[in-house]
There are 2 protein chains.
Amino acid sequence: MLMSVDTDLLRVLADPLRLQIVTLLARETLCTTHLVAETGARQTNLSNHLKVLRDAGMVDTEPCGRFTYYRLKPDVIASLAGQFAELAETARATAAADRKRSCP
Amino acid sequence: MLMSVDTDLLRVLADPLRLQIVTLLARETLCTTHLVAETGARQTNLSNHLKVLRDAGMVDTEPCGRFTYYRLKPDVIASLAGQFAELAETARATAAADRKRSCP
DNA sequence: GACTGACATCAGCATGTACTGATACTTTCA
DNA sequence: TGAAAGTATCAGTACATGCTGATGTCAGTC
């Protein structure tokens, strides 16, 4: 069966530090220095996670002198939100109808 | 900062087999035998994953003779969907406003 | 009561993951 | 032009994760 939600994206967001980065970037475009300061993570650890987010296609980079700005791709989050909304609606309707398959 | 989405729940759903189980249960209440048949997973592997879903508070169990039925808790999925919807809206508004913090 | 079916639990193993420290590369500054 | 700042990459390590096979427990059947 086709998955209802993209598990590769879920795995990327399931890490607390990466989710924090995504949440910060949802509010404003920031550079690596900003993100180190806001998250308290070490610079190389943050870079590792930023690479995971880039590879997952969730953020774009934007050089600015020797700073690198990261910008979230809102459509990726919107797509995930849509998938969860569908799953939630299906679950709600099923609970309301109390659908239960017979014993085998 | 408080997380925008529950990463413990995300980690639970980030596994393809567990997400498949949740998707099947979103459509109807099923027993372990049904789930083995629908997913093709081995019985002990499926039981391991069902335990993870129970421990995460995503499903309830319902004994029925020697069968065990699993019922999805729709409010858990609805809550996650709501969290993603908020994150998506924040991201969309930020992209529209083109918010970018100045260089440090 | 023995047997069968359904399913939960557990230990072991292979693989994946997240962090650290070291280091390389690029840009800017003095 | 060399030093400093910013950031990316990499190897190593410790821990987490997912699967398997074996096995235990409980409900139903004969």
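Higher on the page you've got the structure.
Presented here is a report on the structure given in the accompanying data block. (Residues numbered from 1 in each chain as written. Chains lettered and ligands numbered in written order. Predicted model: local features only at pLDDT ≥ 70, side-chain atom pairs only at ≥ 80, totals over all residues. Heavy atoms only, no water.)

### A closer look at the side chain of His34(A)
Thought 1: With respect to the element layout, His34(A) can be found in helix 3 (residues 32-39).
Thought 2: A relative accessible area of 7% places His34(A) in the buried class.
Thought 3: In terms of polar contacts, His34(A) uses its side chain to reach the backbone amide nitrogen of Cys31(A), at 3.0 Å.
Thought 4: For His34(A), the side chain forms a polar contact with the main-chain oxygen of Ser102(B), separated by 2.9 Å. (Helix = DSSP H or I, 4+ residues; strand = E, 2+ residues; numbered from the N terminus. Buried < 20%, exposed > 50% of the residue type's maximum accessible area, 1.4 Å probe, protein only. Polar contact = N/O pair within 3.5 Å; in protein donor to acceptor, adjacent residues only side chain to side chain.)

### What to know about helix 3 (residues 32-39) of chain B
Residue and element names in this part refer to chain B.
Thought 1: What helix 3 keeps buried is the set Thr-32, His-34, Leu-35 and Thr-39. Along the axis of helix 3, the buried positions cluster into a sector of 155°, meaning they face one direction only.
Thought 2: Those residues of helix 3 hidden inside the fold are in contact with helix 2 (16-27), strand 1 (30-31), helix 4 (43-55) and strand 3 (67-72). (Arc of directions from axis to C-beta. Contact = heavy atoms within 4.5 Å.)

### What about the nonpolar core?
Within soluble globular proteins, side chains that are nonpolar generally end up buried alongside one another.
Thought 1: Ranked by size, the top nonpolar core spans 62 residues in total, and within it Leu10(A), Met58(A), Met58(B) and Phe84(B) carry the most contacts.
Thought 2: The contacts of Phe84(B), once residues within four sequence positions are left out, are Leu10(A), Leu13(A), Ile77(A), Leu80(A), Ala81(A), Phe84(A), Val5(B) and Leu10(B). (Core = buried A, V, L, I, M, F, W, Y, C linked by side-chain atoms within 4.5 Å.)

All we've got here are geometric facts, nothing functional implied.
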